[in-house]
Every structure is written in C-alpha cells, then in structure tokens.
Amino acid sequence: MTTNPADALQGITETDIANYLAHTPGFFERHSALLASVQLQHPHSGRAVSLQERQAEMLREKIKGLELRIIDMIRNGQENVTIANRLHQWTLAVMRAASTPTELPDVLLAELRHQFLIPQAGLRLWGVRPALAGLEYAASVSADVKAFASSLSQPYCGVNSGFEAARWLGLSESGGVATSLALIPLSAASHAEGKPFGLLVLGSPDPTRYTAEMGTDFLTRVGEIASAGLTPLLAA
C-alpha cells in the first residue's frame, strides 16, 4: 500500500524539522542540491534570494552593527579622555590656589566654569574660620540647606524646583536662570565625622544639562577634590 507523503508528515511541526536539521549536520551534505535550491525572502526588497545570498546579507548587517559599536566605543573613549584632561587641569588649579585659602573658592569656581563650560556655579561653606566669615562663600545658609546636604548620598541632578542653592547662582552669561542643577555635598571624613560642611551647586539654563538619569561618578570626584581643597578653610 502506497503511503501519501502528506499523510506521513501529519503531526510533524516546524520545530521538529528545525530540531532534526540542527542535530543532523550531514543532511545537507547528502542533499546538496536541495541546499542550493533553497529560496528565502529578502528582508528589504521582498524578492526571493538564495540561502547563500541571505547568509551574506546577514553577515554584512552583523559587520555593520559591529562597526557602529566600535565607532561608539572610540567616541566615548575620546570623550572620556577629554573629561579626564579637564578634570586634571581643574585639579591642578585647585592645588596651586591652596596656598592662598581666601582665594581658593573663587579659583575653584572660575576654573570649573572654564574647564567644563558650566554656565553657572556657586558655593557655600559653613563652619569656616572666623577670619573668613565675611566672605561671600561663607554667607549663612538655612537649616534646610544643611539638612538637604546631609541627606545626599550622591550628587543630586535634576530640575530646579525652587532650591535655595539656586539663588547663589544669579544669571548665566546668556541671561537665563538655572532650570537644571547639580548639587554636590562637600564633606571630609576627618571633619565632624564626615558630615557635610558645604554645598557646591552647578546650574544651567538648559533643562537637559543635568538630569536624574545621568551618571554621577564624575560629579562625585569633583566633590571629593573640592572637599579636600576646601577643608583647610574650616574652623578647628
């Protein structure tokens, strides 16, 4: 009795066929003519192409994707080198100004604005030496500011929702008020059990300059360097 091929395939799924071919590598060696005759649909044009041509197209797409990833890696690497160089120059400026403590905060802020193209930057310190109490960066701040600084485990980045610290900035050179802020607590483990002794605020009229989604590793380093440089201004 002759068996209908269609009847023999009943109950066999595409998954069964795929598993069979995956575990039977010699199948297409024994049926090379079948492999050469396989036609697939081109993903873009919709026309029928051979299996070899489709594989070549997939390989080209994979290579293109890898090239784009390499370009991104190179660009990110170049940006990181630029940021590292700017951080290095800023750190050197802070170290050079350490010999004149009364000028250090102004140099620190000016070099931040210059090196990193920051439109606005401000600073307040509390608990400074009595001789420095009349300077702008030693102006009194509210208990709320001190409590907020103490609550930060990392720099705050986001919209300016009426922070008191934003009033330390004034207007940028472009005449705009800060719509986004980075607030960086200043503290030293050797002083008052590491509690903050100040707050560094960076602002920009650009609402996307500082966002909640951005990383804070760089800002944390800025805070650590600023804290180390400014600690000598504190009262014993």
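Residues numbered from 1 in each chain as written. Predicted model: local features only at pLDDT ≥ 70, side-chain atom pairs only at ≥ 80, totals over all residues. Heavy atoms only, no water.

Colleague: Could you give an account of the overall build of the protein chain, with specific residues and numbers?
Modeller: On a plain count of helices and strands, the protein chain comes out with eight helices and six strands. Counting helices and strands in the order they occur from the N terminus, the protein chain gives α-α-α-α-β-β-α-α-β-α-β-β-β-α. A sequence separation of at least 24 residues applies to 59% of the contacts in the protein chain between residues at least 6 apart. Approximately 14,900 Å² of the protein chain is accessible, and the part contributed by carbon and sulfur atoms is 57%. (Helix = DSSP H or I, 4+ residues; strand = E, 2+ residues; numbered from the N terminus. Contact = heavy atoms within 4.5 Å. Areas by Shrake-Rupley, 256 points an atom, 1.4 Å probe, with all protein chains shown as cover.)

Colleague: Tell me about the pattern of salt bridges, residues and numbers included.
Modeller: If you walk through the whole model with that rule in mind, you get one salt bridge. The shortest N-O distance in the salt bridge between Arg 75 and Asp 72 comes to 2.4 Å. Taken together, the residues span about one helical turn, with Arg 75 and Asp 72 both in helix H5 (residues 51-97) at a distance of three residues. With relative accessibility at 34%, the residue Asp 72 sits in the partly exposed group. (Salt bridge = Lys/Arg side-chain N within 4 Å of Asp/Glu carboxyl O. Buried < 20%, exposed > 50% of the residue type's maximum accessible area, 1.4 Å probe, protein only.)

Colleague: So what about the environment of Arg 96? Which residues, and what values?
Modeller: By the secondary structure assignment, Arg 96 is in helix H5. Here the alpha-carbon distance between Arg 96 and Val 107, two residues eleven residues apart in the chain, equals 9.5 Å.

Colleague: How would you sum up the packing of aromatic side chains? Please name residues and give values.
Modeller: Within the structure shown, the criterion is met by four aromatic pairs. Aromatic ring contacts, followed pair by pair, group Phe 148, Tyr 156 and Phe 163 into a single cluster. (Phe/Tyr/Trp six-rings, centres within 6.5 Å; stacked < 30°, edge-to-face > 60°.)

Colleague: Which residues make up the packing of helix H6 (residues 104-116) against helix H8 (residues 217-230), and what values go with them?
Modeller: Orientation of H6 relative to H8, taken along the N-to-C sense of each, is 155°, at an axis distance of 11 Å. If you check the angle between H6 and H8, you find them roughly antiparallel. Handedness of the H6/H8 crossing: right-handed. Taking contact as the criterion, the partners of Leu 104, Pro 105, Leu 108, Leu 112 and Phe 116 in H6 are, on H8, Phe 218, Val 222, Ala 226, Gly 229 and Leu 230. For the contact of H6 with H8, the class distribution of residues is nine nonpolar, one polar and no charged. (Axes fitted to C-alpha atoms, helices over the stretch in contact; angles between N-to-C directions. Parallel < 35°, antiparallel > 145°, perpendicular 65-115°, else oblique. Left-handed = near helix turned anticlockwise from the far one by under 90°. Nonpolar A, V, L, I, M, F, W, Y, C, P; charged D, E, K, R; others polar.)

Colleague: Tell me about the environment of Leu 200, residues and numbers included.
Modeller: Mapped onto the elements, Leu 200 comes out in strand S6 (residues 196-204). Residue class for Leu 200 comes out buried when judged on its relative accessible area of 0%. If near-sequence neighbours (up to four positions away) are discounted, Leu 200 is found in contact with Leu 108, Leu 109, Leu 112, Gly 122, Leu 123, Ala 182, Leu 183, Ile 184, Leu 186 and Val 222.

Colleague: Can you explain H6? Please cite residues and give values.
Modeller: End to end, H6 covers 18 Å across 13 residues, agreeing with the expected 18 Å (1.5 Å per residue, within 8%). Looking at H6, one finds that the buried residues are Leu 104, Pro 105, Leu 108, Leu 109, Leu 112, Gln 115 and Phe 116. Summarising the axial view, the buried residues of H6 lie within an arc of 145°, below the 170-degree limit, and thus occupy one face. Turned more than 90 degrees away from the buried face of H6, the exposed residues are Asp 106 and His 114. After H6 finishes, the residue Leu 117 shows a positive phi value of roughly 55°. (Expected span 1.5 Å × (residues − 1). Arc of directions from axis to C-beta.)

Colleague: Account for unusual backbone geometry, with residues named and values stated.
Modeller: In this structure, Leu 117 takes a positive phi of about 55° despite not being glycine. Tracing the backbone through its elements, the reader meets Leu 117 in the loop between H6 and strand S3 (120-125).

Everything listed here is a matter of geometry and, on its own, says nothing about what the molecule does.
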